[in-house]
Amino acid sequence: MKQTIIRNGLLIDGNGGEPKQHHIVVIEGNTIRYVGEEASFLATGEEVIIDAQGGAILPGFIDTHVHMMMEFSPIAERLATPFSYMYYKAAQYLKATLDAGVTSVRDALGTDLGVKKAVDDGLIPGPRLQLSINALTITGGHGDGYTVSGNTLDILPSNYPGMPHGLCDGVEEVRKKTREMLRAGAEVIKVHATGGVLSATDHPEFTQFSLEELKVIVEEGQFRKGVKVMAHAQGAEGIKNAVRAGVHSIEHGIFIDDEAIELMLENGTFLVPTLLAPVAVLETAAQTGMPDTAVQKSKEVIQHHVESFRKAYNAGVKIAMGTDAGVMKHGTNLRELGLMVDAGMTPMDAIITSTKSAAECLGWEQQVGTLETGKLADIIVVKGNPLENIHSLSNNDLIQLVMKDGKVEKSLL
């Protein structure tokens, strides 16, 4: 099998060491066969050469919190859109995500098993997917589409074949609903442990589900199928309940307090901050028809969000990059790295958070996340040095090459 060599670039391998000049990556099939000094590799002359043209060579980025089946839109538009149309739009969202240099994602609700199969079978291009199917939520909580008019309007359709509805109350309903998500193909269980910004009838600091209910969700996922739990958790009490119950990652974490940080450190819990989400709500409110309640709540939380992230990062909490893409446009994912750096993270840590740490959060660290021999060939080339200007990653025109599983999905070289 013919090998491919990526050369003439600054190698940033995702492990956090010094970037390397005069290093190459050699790919055979879908696997990395060599990473190291070019002078130490014995080439045959038959290899395919990809010239990085002085750019940076990195692992494919990983977004651990996306919604691939949606981009937020006005209610009237959603009501006028046929059900199956969302699948054709999703194909565009998947391609936009891949073109942005994101080669793996964890879908935080709304994407069913058929979409994953279509990507895996090569019917449509897209990042590698880890599915939650749908999120578990309480009556009247974040994710309950009930509106103040008395009508119910979910952001995404649910309760169709392959997409169970997530509404459940009480230990036995919660247990059954978790089993339904697992039956539908969930590779991670998503639960709403607090209220949120986008829901009309709650607030981010409201606590949802009892500790007992959360423990049952974790038990059903981890003890029966080894499936981890990700918890939408914004208020401090809900965060602490989720960590005590044994969830694997806290999504958003807007109002983290010192006790929550200590619990997360003790339990090795990941934080997926999604700093981009409230920023995007404010930026796109008029265009997308964001409800006034969401705009107001975003204004209330945005500074708390940054401060909580900074406190968790400085304390050493494990952080994995996530954006909540779908609340904002897909393909804008890498803005998150700039926001993390603006909030106090180093550029190298922002890259590690989006590669190595994100792969660990997904349980995929043996396959992706770093450029190492034997791992899958998920590799990108970007123009310039992102360590000198992390915000440059948000410009998709500077993402020069995207390779996923050894296949070139985008090339501007």
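Each residue is numbered by its place in its chain's sequence as written, counting from 1. Thresholds applied to this predicted model are a pLDDT of at least 70 for local features of residues and 80 or more for the giving and counting of side-chain atom pairs; totals over whole chains, interfaces and linings are not thresholded and use all residues. Calculation of side-chain values draws on the structure's entire complement of heavy atoms; hydrogens and water are dropped beforehand.

Participant: Could you clarify how one ought to interpret the overall build of the protein in this entry?
Facilitator: Of the regular secondary structure elements, the protein holds 12 helices and 18 strands. For 413 residues, the compact-globule estimate of 2.2 N^0.38 gives 22 Å, and the protein sits close to it at 21 Å. Each principal axis of the C-alpha atoms in the protein carries an extent, and together these give about 70 × 45 × 45 Å. Partly exposed describes any residue whose relative accessible area lies between the buried limit of under 20% and the exposed limit of over 50%, with all areas from a 1.4 Å probe on protein chains only and scaled to the type maximum. Relative to its full complement of 413 residues, the protein shows a buried share of 58%. Counting only contacts in the protein whose residues sit at least 6 apart along the sequence, the fraction spanning at least 24 positions is 70%. The convention is simple: Lys and Arg are positive, Asp and Glu are negative, and His and the chain ends are not counted. Charge coordinates come from a single atom per side chain, which is NZ of Lys, CZ of Arg, CG of Asp or CD of Glu. The distance from the centre of the 36 positive side-chain charges to the centre of the 52 negative ones in the protein is 4 Å. The helix and strand labels rest on DSSP assignments: H or I over at least four residues marks a helix, E over at least two residues marks a strand, and numbering proceeds from the N terminus. Two things to know: the radius of gyration comes from C-alpha atoms, and the globule rule equals 2.2 Å times the number of residues to the power 0.38. Contact between two residues is taken to exist if any of their heavy atoms lie within 4.5 Å; hydrogens are not considered.

Participant: Would you mind going over the nonpolar core with me for this structure?
Facilitator: Nonpolar side chains in soluble globular proteins tend to end up buried together. Among the nonpolar cores identified, the biggest contains 98 residues, and Ile250 and Leu337 are the most heavily contacted of them. If one sorts the elements of this core by residue count, helix α9 (residues 292-315) sits on top with 6 residues. Residue contacts for Leu337: discarding those within four places in its chain leaves Phe61, Met321, Ala350, Ile351, Ser354, Ile390 and Leu393. Take the buried residues of types Ala, Val, Leu, Ile, Met, Phe, Trp, Tyr and Cys, join any two whose side-chain atoms come within 4.5 Å, and each joined set is a nonpolar core.

Participant: So what exactly am I meant to see when it comes to the sheet that holds strand β7 (residues 61-66) here?
Facilitator: Hydrogen bonding along the main chain pairs the strands of a sheet, whether they run parallel or antiparallel. One requirement defines pairing of two strands: DSSP has to find at least two bridges between them. Judged by pairing direction, the sheet is parallel, and its 3 strands sit side by side in the order β7-β8-β9 without closing on themselves. Edge positions in the open sheet fall to β7 and β9 (128-131), since each of these has one partner strand only. Direction aside, the axes of adjacent strands within the sheet are offset by 15° on average. With 4 bridges connecting them, β7 and strand β8 (residues 102-107) associate as parallel partners. Looking at β8, one finds that Asp63 is bridged to Val105. All axes are obtained by fitting lines to C-alpha atoms, using only the stretch in contact for helices, and the reported angles, taken between N-to-C directions, cover 0 to 180 degrees.

Participant: Even after reading the chapter, I still don't get the packing of helix α8 (residues 276-288) against helix α10 (residues 335-342), so can you show me in this structure?
Facilitator: Describing two packed helices takes the angle between their axes plus the distance from one axis to the other. Where α8 meets α10, the axes come as close as 10 Å, and the angle between the chain directions of the two elements is 110°. In this view, α8 runs roughly perpendicular relative to α10, as classed from their interaxial angle. Residues Leu276, Val279 and Glu283 of α8 touch α10, and the partners they reach there are Arg335, Glu336 and Leu339. Within the contact of α8 with α10, the residues separate by chemical class into 3 nonpolar, no polar and 3 charged. Roughly parallel here means an angle under 35 degrees, roughly antiparallel means over 145, roughly perpendicular means 65 to 115, and every remaining angle is called oblique. Only Asp, Glu, Lys and Arg are considered charged in this grouping, and only Ala, Val, Leu, Ile, Met, Phe, Trp, Tyr, Cys and Pro are considered nonpolar; every other residue, Gly among them, is considered polar.

Participant: Looking at this model, I keep getting lost on the packing of aromatic side chains. Mind explaining?
Facilitator: In this description, a pair of aromatic rings is defined by centroid distance and the angle of the planes. Here a Phe, Tyr or Trp ring, Trp counted by its six-membered ring, pairs with any other such ring whose centre lies within 6.5 Å, and the pair is stacked when the planes are under 30 degrees apart, edge-to-face when over 60, and tilted otherwise. For the coordinates displayed, the defined rule picks out 4 aromatic pairs. With a centroid separation of 4.8 Å and an interplanar angle of 75°, the aromatic rings of Phe83 and Tyr160 are classed as edge-to-face. Of this pair, Phe83 sits in the loop between α1 (75-79) and α2 (85-99) while Tyr160 sits in the loop between β10 (135-136) and α4 (171-183); the two residues are 77 residues apart in sequence, bridging distant segments of the chain. Pairwise contacts between aromatic rings join Phe83, Tyr87 and Tyr160 into one cluster. By definition, being over a ring means that NZ of Lys or CZ of Arg is both within 6 Å of the ring centre and within 35 degrees of the ring normal. The aromatic ring of Phe72 is capped on one face by Arg78, whose charged end is 4.9 Å from the ring centroid.

Participant: Sorry if this is basic, but what is going on with the pairing of strand β3 (residues 23-28) here?
Facilitator: Consecutive side chains of a regular strand alternate in pointing toward one face of the sheet and then the other. A large share of β3 lies buried, amounting to 5 of its 6 residues. Across 4 bridges, the pairing between strand β1 (residues 3-7) and β3 is antiparallel. Pairing of Gln3 across the sheet is with Glu28, part of β3. Bridge count for β3 against strand β4 (residues 31-37) is 6 bridges, and the pairing is antiparallel. Directly across from Val26, in β4, lies its bridge partner Tyr34. Between β3 and the antiparallel strand that follows it, β4, lie 2 residues; Gly29 among them carries a positive phi value of about 65°.

Participant: When you look at the side chain of His67 in this model, what are you seeing that I'm missing?
Facilitator: The topology assignment puts His67 in the loop between β7 and α1. On the basis of relative accessible area, His67 is assigned to the buried category, the value being 6%. Polar contact is defined as a pair of N or O atoms within 3.5 Å, subject to the rule that within protein one atom must be able to donate a hydrogen and the other to accept it, and that residues adjacent in sequence are counted only when both atoms are side-chain atoms. Separated by 3.2 Å, the side chain of His67 and the backbone oxygen of Leu109 make a polar contact. At 2.9 Å, the side chain of His67 and the side chain of Asp324 are in polar contact. Ignoring any residue separated from it by four or fewer positions in sequence, one finds His67 in contact with Asp107, Ala108, Leu109, Lys190, Asp324, Ala325, Gly326 and His330.

Participant: What should I look at first to understand the environment of Val368 in this one?
Facilitator: Inspection of the secondary structure assignment puts Val368 in the loop between α12 (356-362) and β16 (379-382). The spacing of Val368 and Gly384 is 16 residues in sequence and 23 Å in space, taken between C-alpha atoms.

Participant: Is there a simple way to explain the side chain of Asp63 in this structure?
Facilitator: For Asp63, the position within the fold is in strand β7. Salt bridge, as used here, is a side-chain nitrogen of Lys or Arg placed within 4 Å of a carboxyl oxygen of Asp or Glu. Buried charge Asp63 goes without a salt bridge, the closest partner of opposite sign being Arg106 at 7.9 Å. Within the local environment of Asp63, its side chain forms a polar contact with the backbone nitrogen of His65, the two atoms lying 3.1 Å apart. Filtering out sequence-adjacent residues up to four positions away, Asp63 remains in contact with Val102, Ser104, Val105, Arg106, Met321, Gly322, Thr323 and Asn333.

Participant: Just checking my understanding: could you explain the sheet that holds β1 for this structure?
Facilitator: Strand order in the open sheet formed by 4 strands is β4-β3-β1-β5, and the pairing between neighbours is mixed. Lying at the two open borders of the sheet, with one neighbouring strand each, are β4 and β5 (48-51). Across the sheet, the mean angle from the axis of one strand to that of its neighbour is 20°, orientation sign disregarded.

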